[in-house]
Amino acid sequence: MPTPLLLLYRQHLHLTGAQSTIVFGVYAAGLAPSLLGAGPLSDRYGRRPVVLPFVLLAGVASLLFAASGDSFQLLLLARFFQGLVSGAVFTAASAWLAELCAREGQLSAAGRRSAVALAGGFSLGPLVAAVSAVSLPHPLVVPYLLHAAVAVAGAVAARHLPETAPRARRHADSPAREPLVRRGERVLAVTALVPVAVCVYAFPATAIAAMPVLVDLPGNGVLATGVLAGLTLGAGAVVAPMQRSLQSWTPVAAAICGTVGFGLCAVAAHFGAWPALVPAGLLLGAGSGWSMASGLALTGRLAPAERRGALTGIFYTCAYLGFAAPFLLTSAARGAGPVLPLAVAAALTAVLAGRLLPIARRGDL
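All figures in this text were calculated on a predicted structure; none of them were measured in a lab.

1. With respect to the side chain of S291
Assignment of secondary structure puts S291 in helix α12 (residues 277-302). Residue S291 is classed as buried on the basis of its relative accessible area of 3%. Non-local contacts of S291, meaning those with residues more than four positions away in its chain, are made with V196, C199, V200, F203, A254 and F315.

2. With respect to the packing of aromatic side chains
Going through the model one piece at a time under the given rule, you end up with nine aromatic pairs. Here F65 and Y144 contribute two aromatic rings whose centre-to-centre distance is 4.9 Å and whose plane-to-plane angle is 15°, an arrangement assigned as stacked. Remark: Y144 occurs in helix α6 (residues 142-158) and F65 occurs in helix α3 (residues 48-66); sequence separation between them is 79 residues. The exposure class assigned to F65 is buried, which follows from its relative accessible area of 2%. A network of ring pairs unites the aromatic residues Y27, F90, Y201, F315, Y316, Y320 and F323 as a single cluster. Sitting over the ring of Y27, R79 keeps its end group 4.4 Å from the ring centre.

3. A few points about the pattern of salt bridges
Considering all chains together, one arrives at five salt bridges under this definition. Among the ionic pairs, E99 bridges to R47, the shortest N-O distance being 2.6 Å. Of this pair, E99 sits in helix α4 (residues 72-103) while R47 sits in the loop between α2 (17-45) and α3, placing them 52 residues apart in sequence. Between E99 and R308 there is a salt bridge whose closest N-O contact spans 3.6 Å. Taken together, the positions of E99 in helix α4 and R308 in helix α13 (residues 308-321) put the pair 209 residues apart, joining distant regions of the chain. Across the pair, R308 and E99 agree in class, each one buried. Shared partners join several salt bridges into a network, and the residues in it are D43, R47, E99 and R308.

4. Observations concerning helix α1 (residues 2-13)
A rise of 1.5 Å per residue sets the reference length of α1, with its 12 residues, at 16 Å; its end C-alpha atoms lie only 14 Å apart and thus fall more than 12% short of the reference. A positive phi of about 55° marks H14, the residue just after α1.

5. What to know about the packing of helix α8 (residues 186-214) against helix α14 (residues 325-336)
Viewed as axis vectors pointing N to C, α8 and α14 meet at an angle of 35°, and their least axial separation amounts to 8 Å. In the crossing of α8 with α14, the sense of the turn from one axis to the other is right-handed. Residues A202, A205, T206, A209, A210, V213 and L214 of α8 form the contact with α14, whose own contacting residues are A325, P326, L329, T330 and A333. Of the residues belonging to the contact of α8 with α14, the class tally is 10 nonpolar, two polar and no charged.

What counts as what
Residues numbered from 1 in each chain as written. Predicted model: local features only at pLDDT ≥ 70, side-chain atom pairs only at ≥ 80, totals over all residues. Heavy atoms only, no water. Helix = DSSP H or I, 4+ residues; strand = E, 2+ residues; numbered from the N terminus. Buried < 20%, exposed > 50% of the residue type's maximum accessible area, 1.4 Å probe, protein only. Contact = heavy atoms within 4.5 Å. Phe/Tyr/Trp six-rings, centres within 6.5 Å; stacked < 30°, edge-to-face > 60°. Lys NZ or Arg CZ within 6 Å of the ring centre and 35° of its normal. Salt bridge = Lys/Arg side-chain N within 4 Å of Asp/Glu carboxyl O. Expected span 1.5 Å × (residues − 1). Axes fitted to C-alpha atoms, helices over the stretch in contact; angles between N-to-C directions. Left-handed = near helix turned anticlockwise from the far one by under 90°. Nonpolar A, V, L, I, M, F, W, Y, C, P; charged D, E, K, R; others polar.

Written out as structure tokens, the structure reads:
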């Protein structure tokens, strides 16, 4: 939700470019330890004791945002706290959902359901924030109050879900000693799972954060950025259920979408044609949704049950590395122009598609 509002924060708080960058960076500072720590904690102590309190704390983070309109320091605290609580929910709840699906004999559905939930939230957040900014009073307050209400409702609903971490494991005297990935599957994890994870957010972050900098958008940019974010991430939520039909070809389809999407971004940057960002965003969003669905499904298959939370946390950590893509692309564009780095991104994604092809043929993804 703060993404399309950053322009308003910059105007209201008179932020410099460096301060705006810090707002994004401090989110990662809270997110990183949470992604790596919450999964193992939920493996050991259970999914419910981690997920439910942190869902409520996500609502508290929104209340901090609502109070931060006049304070840069409070905005940084809210952003850090947002990263801290979000990472815990992402990892532990994804592992919880995977185990609930496994109880129904539908472990493969866990990736799709997680992808739909995450992409749906990521698309609705900026869209609601952007629409509120141009149509409602107090645009730096109202969206966060809405989110706080949703967080409380989600925690109340989730308290009825059964605990899935085995009681014997939760009361063990020592942490699980099983490896994160079995020895015979490590090459697959490094050469397929990790790059697919990076694509999860590298694709949409390029459309949402890099392209508004590299291409002039109509109007003041706030509404256009919010709509572009909603379309991009909404596409991920829409296509994720198609993993059921695509099966092992899902990550290949994701890489192909990313290749074409980056290519369209290069066209938009070269000609200054902002309308080309719409199909580019849809393709990059679809690639993100399929990367998330297939990556989480593969994570669930590769991880031993007692280490599922830990491996899910590592998957999300690799995914968030993709948020460096806008910084890398815009930095390279200052010296080489925007077309070359976008063309390189398209080429690297095409190489990934080629790497995934033989794995998909074997049905290993």
